[in-house]
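# Coordinates in review
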Amino acid sequence: MTGTSAIREHMEVIGADGVHIGTVERVEGNRIKLTQQDSGQGTHQGHHHYIPTSLVAEVEGDKVRLSAKADVAVTFEEEADGST
């Protein structure tokens, strides 16, 4: 895992396959808080989601690449209270 100190606001979060997952708002503890604009559809729309920093494979330039493909990584997204 790459250190999270290199993760900054507005970086793009992508899956191992290069597919966009979200945009970093900030790092909170061991989770990356994504911006609301990337919150998804339906009941997931309009609020923040979080990705565990344990999924970070590398930070390069303005991108945070995860170790899982996008379709798998989004299954790890959490709500603010830690629920999925």
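Here, every reference points to the structure presented above.
Described in the following lines is the structure provided in the data block.

About the criteria used
- Residues numbered from 1 in each chain as written.
- Predicted model: local features only at pLDDT ≥ 70, side-chain atom pairs only at ≥ 80, totals over all residues.
- Heavy atoms only, no water.
- Buried < 20%, exposed > 50% of the residue type's maximum accessible area, 1.4 Å probe, protein only.
- Helix = DSSP H or I, 4+ residues; strand = E, 2+ residues; numbered from the N terminus.
- Pairing = 2+ DSSP bridges.
- Phe/Tyr/Trp six-rings, centres within 6.5 Å; stacked < 30°, edge-to-face > 60°.
- Lys NZ or Arg CZ within 6 Å of the ring centre and 35° of its normal.

## With respect to the pairing of strand β6 (residues 63-66)
Of the two faces of β6, only one is covered, namely that formed by V64 and L66; the face formed by K63 and R65 stays uncovered. Relative to β6, strand β1 (residues 12-14) runs parallel, the two being bridged by 3 bridges. Paired with E12 across the bridge in β6 is K63. In this sheet, β6 lies alongside strand β5 (residues 56-60) in antiparallel orientation, the contact comprising 4 bridges. What sits directly across from E60, in β6, is K63. Two successive antiparallel strands, β5 and β6, enclose a turn made up of 2 residues, where G61 displays a positive phi of approximately 60°.

## Focus on the packing of aromatic side chains
A full pass over the atoms with the stated rule returns 0 aromatic pairs. Looking at R31, its charged tip hangs above the ring of Y50, at a distance of 3.9 Å from the centre.

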